[in-house]
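Topology and contacts: notes
Chain residues, written in single-letter form:
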Amino acid sequence: MARVVLSNIRKSFDNLEVVHGIDLDIAHNEFVVLVGPSGCGKSTTLRMIAGLEEITGGDIYIGERLINDVPPKDRDIAMVFQNYALYPHMSVFENMSFGLRLRKTPKVEIKRRVEEAADILNIRELLDRRPRQLSGGQRQRVAMGRAIVRHPQVFLFDEPLSNLDAKLRVAMRTEIKKIHQRVKTTIVYVTHDQVEAMTLADRIVVMNDGNIEQQGTPHEMYEKPTTRFVAGFIGSPAMNFISCQLVQNGGALAIKFNDRQQLKVPSSRTERYKPHVGKQMTFGIRPEHFTEKRPKDGGSLEDFKATVEVVEPMGMDTMVYISINGEDICARSAPGAVKDVGQEMDFSIDMNKMQLIDPGTDKVL
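So, here's what we can say about the structure.

1. Remarks on the overall build of the protein
Helices and strands together make up the secondary structure of the protein, namely nine helices and 22 strands. Its C-alpha atoms give the protein principal-axis dimensions of roughly 80 × 45 × 35 Å. Long-range contacts, defined here as pairs at least 24 residues apart, represent 67% of the contacts in the protein between residues at least 6 apart. When the accessible surface of the protein is split by element, carbon and sulfur atoms take 47% of a total near 17400 Å². Separation between the mean location of the 49 positive side-chain charges and that of the 48 negative ones in the protein comes to 5 Å.

Here it is in structure tokens:
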């Protein structure tokens with residue numbers, strides 16, 4: 001069983017601690033994505049699993065085996081890097097089989113494994129070519145094939161798509177997902193791209209400043225962030241954050257931006273928010289939940305008026321930028337409903353999708 005367990009893992013460079021005692025339990029065959037901004041510790045964590053960085057404290061297990069002092073070559077892992085690291089003088093077949101040849105694997109078995117991996121990756125017709133004759137996406141497939149042929153317990157991916165153009169990244173995301181469905185192996189994948197994380201992961205682990213900020217399924221991370229950092233990091237375009245005051249409005253609560261603009265809080269949240277009445281808070285709403293005006297139909301939509309400042313056509317949708325208390329806010333609207341710049345526009349805000357954040361702790365209430 002290729003379960004990976006990190007227990008109180010710490011990493012320091014001289015006196016600087018960059019990973020602060022994280023715990024992570026990755027199940028057999030699970031696809032886990034470590035995501036976060038540059039410098040958050042995600043690649044360092046991956047390199048500690050691989051054995052390319054020594055751990056300062058804690059324990060790492062693969063299956064039932066403690067691997068703290070096990071050399072990288074004996075950990076039964078395969079790693080795919082951002083840099084393809086292919087040997088330019090070798091053919092695709094030779095690149096993919098290199099590790100097996102070093103291990104004295106029989107030639108018949110090498111041929112079977114390479115051709116099997118080539119079929120999975122749709123590169124069988126490329127086996128006789130040299131890396132210089134391949135596109136960036138093809139080179140990345142070869143690098144993945146070199147890992148697949150080893151039949152490791154765990155695959156480690158360190159930002160493998162960063163060198164590809166935007167269109168090819170989308171295509172390769174789909175391919176990686178297909179590969180995981182066919183090659184049932186535990187995968188730990190590092191990226192700074194939250195869209196990549198959302199589309200690939202069984203479970204997302206958001207890291208921030210050497211700590212695990214939150215972990216859960218893509219749906220959980222999107223719908224139920226626990227901190228402002230996660231709420232702002234997951235989702236594209238990013239969530240809007242607006243300074244506000246939580247006030248009593250008759251028998252209900254309301255979000256007050258200023259003397260002219262306020263929104264009614266859904267009654268289902270009254271008890272949860274009541275202890276914070278009168279406090280300065282941060283209101284969070286995603287652009288897709290801040291739209292052109294729609295029929296209320298007895299739901300949680302609240303009407304809102306604002307002046308259009310910037311319009312960004314995106315094809316199916318149009319991003320409309322307005323200002324609330326001097327803060328730029330993005331709304332996602334149907335193209336035909338958008339007013340011209342300088343005109344007032346009617347919007348609807350889905351208050352069931354709002355997040356209320358305590359600015360003192362940055363925790364979502």
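Read on, since the account is not over.
2. Thoughts on the packing of aromatic side chains
In this structure the tally under the stated criterion is nine aromatic pairs. Ring geometry for tyrosine 87 versus phenylalanine 98: centroids 4.9 Å apart, planes at 55°, classification tilted. In this pair, tyrosine 87 is assigned in the loop between strand S6 (77-80) and helix H2 (92-102) and phenylalanine 98 in helix H2, connecting sequence segments 11 residues apart. Ring centres 6.2 Å apart and planes at 45° place the aromatic pair phenylalanine 155 and phenylalanine 157 in the tilted group. Residue phenylalanine 155 is classed as buried on the basis of its relative accessible area of 5%. A relative accessible area of 5% means that phenylalanine 157 is categorised as buried. Through successive ring pairs, a cluster of aromatic residues spans Phe257, Phe283, Phe290, Phe304 and Phe347. The ring of phenylalanine 13 carries the charged tip of lysine 11 above its face, separated from the ring centre by 4.9 Å. It is arginine 286 that lies over the ring of tyrosine 222; its NZ or CZ is 4.2 Å from the centre.

Scoring rules and cut-offs
Residues numbered from 1 in each chain as written. Predicted model: local features only at pLDDT ≥ 70, side-chain atom pairs only at ≥ 80, totals over all residues. Heavy atoms only, no water. Helix = DSSP H or I, 4+ residues; strand = E, 2+ residues; numbered from the N terminus. Contact = heavy atoms within 4.5 Å. Areas by Shrake-Rupley, 256 points an atom, 1.4 Å probe, with all protein chains shown as cover. Lys, Arg positive; Asp, Glu negative; His and termini not counted. Charge placed at Lys NZ, Arg CZ, Asp CG, Glu CD. Phe/Tyr/Trp six-rings, centres within 6.5 Å; stacked < 30°, edge-to-face > 60°. Buried < 20%, exposed > 50% of the residue type's maximum accessible area, 1.4 Å probe, protein only. Lys NZ or Arg CZ within 6 Å of the ring centre and 35° of its normal.

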